[in-house]
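Coordinate inspection notes
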2 protein chains.
Amino acid sequence: MMNKPHPKKIKPVESRDRIIQAAVMLFARKGFAETGLRELAAAADVNLAMINYFFGSKKELLKGILDTFFSGYLDIAREKLAGPGDLQTRVGRFIRHVVDYFDCYQDYLLVTITELPHDDPEIIAHKANWARKMIGVIEKEICLPLARETGRKIPPTCIGPMLVSLIAARFLFAPVMEEVTGGAGSLELSAYAEMTTHVFLQGITGPDWKETRNQT
Amino acid sequence: MMNKPHPKKIKPVESRDRIIQAAVMLFARKGFAETGLRELAAAADVNLAMINYFFGSKKELLKGILDTFFSGYLDIAREKLAGPGDLQTRVGRFIRHVVDYFDCYQDYLLVTITELPHDDPEIIAHKANWARKMIGVIEKEICLPLARETGRKIPPTCIGPMLVSLIAARFLFAPVMEEVTGGAGSLELSAYAEMTTHVFLQGITGPDWKETRNQT
DNA sequence: AGAAATATTAAACAAACGTTTGATTTTGAA
DNA sequence: TTCAAAATCAAACGTTTGTTTAATATTTCT
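Quick caveat: nothing in here was measured; it's all calculated off a predicted structure. (Residues numbered from 1 in each chain as written. Chains lettered and ligands numbered in written order. Predicted model: local features only at pLDDT ≥ 70, side-chain atom pairs only at ≥ 80, totals over all residues. Heavy atoms only, no water.)

1. Thoughts on the overall build of chain A
The condition that has to hold: Numbering goes from the N terminus for both helices and strands, where a helix is a DSSP run of H or I of at least four residues and a strand is a run of E of at least two. Each residue is assigned to one of three classes by its accessible area relative to the maximum for its type, calculated with a 1.4 Å probe on protein chains only: buried under 20%, partly exposed between the two thresholds, exposed over 50%. All accessibility values rest on the Shrake-Rupley procedure with a 1.4 Å probe; residue burial counts only the protein chains present in the view. Charge assignment: positive for Lys and Arg, negative for Asp and Glu; neither His nor the chain ends contribute. Lys charges are placed at NZ, Arg charges at CZ, Asp charges at CG and Glu charges at CD.
The number of helices and strands found in chain A is 10 helices and 0 strands. Counting helices and strands in the order they occur from the N terminus, chain A gives α-α-α-α-α-α-α-α-α-α. C-alpha extents for chain A along the principal axes are approximately 70 × 50 × 35 Å. Sorting the 216 residues of chain A into buried and exposed places 52% on the buried side. For chain A, the exposed surface amounts to about 10200 Å²; the carbon and sulfur share of it is 53%. Where the 27 positive side-chain charges of chain A centre and where its 26 negative ones centre are 6 Å apart.

So this is what it looks like as structure tokens:
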């Protein structure tokens, strides 16, 4: 008698994954609170009760989605920001990979960003935990080298948000910009990565500040 | 008999404004959909029915808030981006004023950004209308001069989101970063405006691109 | 003062919410 | 085949949702 090709739990994955897939899509387009569990169950083609069966609650489902996105983002940071090369090289390859990552996980990104400022005490701890780790990497791999080379001290709590916002801008505004332009007119992805890298690097490593200042 | 100092409708303003005030605060902290009208009425210290009496519906209330924020932002753009001075001067004073504006209307900003990607058909038209006007100003005052001076053609649908995201980063991430650092460690407001201006200007007008590129 | 317009109120509406329950079906190994 | 665990299901749980209604209070103007 031949043994099964899949010895252990591969079945539940189907429904579970369909739920996550549908949830990310709906949360990104309609928002977390606007999306009802019945609507989600219908989109995932599962019974309503399956959501609480697999995830316990709606909030746990959201936390799972946030964790997936944050952990991928943090992995890229640890892998690409560290490693060989000078500041420019490392930041350059980091941004290039993050742009691809954001493009690929666009809905995850939208869910994460739109839920960012909301201060549900059950959610905010999760976000802060991930942010803390990310800030640590940025401090070590960007802020310290930058201070060593140029003497400029910019706190990582400033660099971190700036960097991610800069990269995410394209995707965050995509729905609105599509409505504005009718779909056309956006930069190609690689060109966008290139431009973002240039803006950020020139911005933090370029010639001295202060000479750009003028009156009101 | 002396005539009234305020001949027309100044009374309803009290309740109406308290509702808007409470709504902006709650929408920013809890999100639009998470905020119930009864909770909002309690926070504004008005009767539940007053909200629909003044605004017609919850969505109309949100639209009003978005309109207030967008129109203020567009006013600054028209006033500061146009006017005298070269590109650097104009962008510099624009960013300085926008940073103050975002700081002053922080809750309006959070509401606007977190509701940005959600594609409620009743809301998206409003956002696109404002975005269209803003894109027009940026095209005329930034993209065209930039192309004339440096030959670089960056679409306004790319510059616009990038610029606002860069400036808004500090405020969008503020709730999370406070939890991370415990409140301390953020740049002063004027220093933040200065740095943002430098990053953006160096980024789009600085030395040639392409030399920052390296391998994976 | 009286009439008209505007504000405010308590109460109720149907609909939708997230969650739970208990029974039934499907599954994987003994 | 048998048995226990996992998955699926329909139905109902009690709240809460946004909105409406109709009556009352207040203001405004003639």
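Okay, back to it.
2. A short note on the packing of helix α8 (residues 156–172) of chain A against helix α10 (residues 189–205) of chain A
All names here are of chain A. The line we're drawing: For helices, the fitted line uses only the C-alpha atoms of the stretch in contact; every axis is such a line through C-alpha atoms, and the angle between N-to-C directions lies from 0 to 180 degrees. Orientation is classified from the angle alone, with under 35 degrees giving roughly parallel, over 145 giving roughly antiparallel, 65 to 115 giving roughly perpendicular, and any other angle giving oblique. Take the far helix as your reference; a near helix turned counterclockwise from it by less than a right angle gives a left-handed crossing, and one turned clockwise gives a right-handed crossing. Any pair of residues with heavy atoms lying within 4.5 Å of one another is described as a contacting pair.
Their axes nearest at 11 Å, the elements α8 and α10 cross at an angle of 155 degrees. When the axes of α8 and α10 are compared, the pair comes out roughly antiparallel. Crossing of α8 against α10: the hand is right-handed. Here Ile159, Met162, Leu163, Leu166, Ile167, Ala169, Arg170 and Phe171 of α8 come into contact with α10, specifically with Leu189, Tyr192, Thr196, Val199, Phe200 and Ile204.

3. Comments concerning the relation of the copies chain A and chain B
Quick reminder of the rule: The copies were overlaid by least squares, fitting only the C-alpha atoms of residues that reach a pLDDT of 70 or more in each copy.
Its rotation angle being 180 degrees, the transformation that places chain A on chain B also includes 0.0 Å of axial translation and leaves an RMSD of 0.1 Å. Within this description, the copies of the chain are treated as partners about a two-fold rotation axis. Distance from the rotation axis, computed per C-alpha, reaches its smallest value in chain A at Thr114 of chain A: 2.2 Å. In this assembly, 100% of the residues forming the interface of chain A have copies in chain B that are likewise at the interface, indicating an isologous arrangement.

4. Quick notes on α8 of chain A
Residue and element names in this part refer to chain A. Inclusion rule: To estimate how far a helix should reach, multiply one less than its number of residues by 1.5 Å. At every residue, the bend is computed as the angle between two fitted axes, covering the seven residues ending there and the seven beginning there respectively.
With 17 residues, α8 extends 22 Å between its outermost C-alpha atoms, agreeing within 8% with the 24 Å of an ideal straight helix rising 1.5 Å per residue. Bending of α8 peaks at approximately 35 degrees at the position of Leu166. With respect to burial, α8 is a largely interior element, 16 of its 17 residues being buried.

5. Overview of the interface of chain A and chain B
Definition in use: Note on definitions: buried area is the accessible-area loss of two parts on being combined, 1.4 Å probe, summed for both. Between N or O atoms, a polar contact is any pair within 3.5 Å; within protein, one atom must be a potential hydrogen donor and the other a potential acceptor, and residues adjacent in sequence are included only when both atoms are from side chains. Gly counts as polar in this scheme, as do all residues outside two lists: the nonpolar Ala, Val, Leu, Ile, Met, Phe, Trp, Tyr, Cys and Pro, and the charged Asp, Glu, Lys and Arg.
With 65 residues of chain A at the interface, the matching set in chain B holds 66 residues. Summing the contributions of chain A and of chain B, the shared interface buries around 6300 Å²; its carbon and sulfur component is 69%. The largest share of the area that chain A buries against chain B comes from Pro117, Glu194 and His198 of chain A, three residues that together contribute 10% of it. Across the contact surface, chain A and chain B share 6 residue pairs in polar contact (both at pLDDT 80 or more). At the level of elements, α1 (12–30), α5 (87–104), α6 (106–115), α7 (121–150), α8, α9 (174–181) and α10 of chain A are the ones that each hand at least two residues to the side of chain A that touches chain B. A per-element tally of the side of chain A that touches chain B places α8 of chain A first, with 9 residues. When grouped by side-chain class, the residues that make up the side of chain A that touches chain B number 33 nonpolar, 17 polar and 15 charged.

6. Some words on the layout of surface pockets
Applied cut-off: The way it works is a 1 Å grid over only the protein atoms, where trapped points that fit a 1.4 Å probe form a cavity and open points with protein on both sides within 12 Å along at least five of seven lines form a pocket, and then any residue with an atom within 4 Å of a point lines it. Grid points are joined across faces, edges and corners, and a volume is the space filled by probe spheres set on the points.
The space that makes up the largest pocket amounts to roughly 500 Å³. Around the largest pocket sit 28 residues that line it, and Arg170, Phe173, Ala174, Pro175 and Glu178 of chain B are the ones nearest its centre. When residues of the lining of the largest pocket are traced back to their parent elements, those giving at least two are α8 of chain A together with α1 (12–30), α6 (106–115), α8 (156–172) and α9 (174–181) of chain B. Counting residues per element, the lining of the largest pocket draws most heavily on α9 of chain B, which supplies 5 residues.

7. Describing the domain arrangement of chain A
Residue and element names in this part refer to chain A. What counts is decided by this rule: Domain delimitation in this document rests on an assignment produced automatically or drawn from a domain database. By convention in these notes, a salt bridge is any Lys or Arg side-chain nitrogen within 4 Å of a carboxyl oxygen on Asp or Glu.
Taken as a whole, chain A is organised into domain 1 (9–56) and domain 2 (63–206). On the side of domain 2, 6 residues touch domain 1, which itself brings 8 residues to the contact. Together, the buried faces of domain 1 and domain 2 total about 600 Å²; carbon and sulfur atoms form 72% of this surface. Contact with domain 2 buries surface across domain 1, with Val24, Phe27 and Ala28 losing the most and accounting together for 65% of the total. There are 1 salt bridge connecting domain 1 and domain 2. Two residues, Asp107 and Arg29, come together in a salt bridge whose shortest N-O distance is 3.1 Å. Across the contact surface, domain 1 and domain 2 share 1 residue pair in polar contact (both at pLDDT 80 or more).

8. Quick look at the packing of aromatic side chains
What counts, and what does not: Two aromatic rings, drawn from Phe, Tyr or Trp (for Trp, its six-membered ring), form a pair once their centres lie within 6.5 Å of each other, and the interplanar angle then sorts them: stacked below 30 degrees, edge-to-face above 60, tilted otherwise. By definition, being over a ring means that NZ of Lys or CZ of Arg is both within 6 Å of the ring centre and within 35 degrees of the ring normal.
Evaluated as defined, the whole model comprises 28 aromatic pairs over all chains. Where Tyr105 of chain B meets Tyr108 of chain B, the ring centres are 5.5 Å apart and the plane angle is 75 degrees; that geometry is what we call edge-to-face. When its relative accessible area of 33% is taken as the criterion, Tyr105 of chain B is described as partly exposed. Look at Tyr108 of chain B and you get buried, because its relative accessible area is 16%. Put simply, the rings of Phe69, Phe70, Tyr73, Phe94, Tyr101, Phe102, Tyr105, Tyr108, Trp130, Phe171 and Tyr192 of chain A touch in pairs and so form one group of aromatic residues. Lys58 of chain B extends its terminal NZ or CZ atom over the ring of Phe32 of chain B, reaching a point 4.5 Å from the ring centre.

9. With respect to the side chain of His118 of chain B
Topologically, His118 of chain B is positioned in the loop between α6 and α7 (121–150). Those residues within four positions of His118 of chain B in sequence are excluded, and the remaining contacts are Phe27, Ala28, Arg29, Lys30, Gly31, Glu34 and Thr114 of chain A together with Lys127 of chain B.

10. Things to note about the environment of Val91 of chain A
All names here are of chain A. Mapped onto the secondary structure, Val91 falls in helix α5. Of the residues examined, Val91 reaches a relative accessible area of 0% and is grouped as buried. Distance in space between the C-alpha atoms of Val91 and Leu81 is 6.1 Å, their sequence separation being 10 residues. When neighbours within four sequence positions are excluded, Val91 is seen to be in contact with Leu81, Ile142, Phe200 and Leu201.

11. Notes on the nonpolar core
It is characteristic of soluble globular proteins that their nonpolar side chains tend to be buried jointly. Filter applied, for reference: Within this scheme, the nonpolar core is defined by two criteria: the residues are buried Ala, Val, Leu, Ile, Met, Phe, Trp, Tyr or Cys, and they are joined through side-chain atoms within 4.5 Å.
Among the nonpolar cores identified, the biggest contains 150 residues, and Phe94, Phe102 and Phe200 of chain A together with Phe94, Phe102 and Phe200 of chain B are the most heavily contacted of them. Excluding residues that lie within four positions of it along the chain, Phe94 of chain A makes contacts with Tyr73, Ile76, Ala77, Lys80, Leu81, Met134 and Leu163 of chain A.

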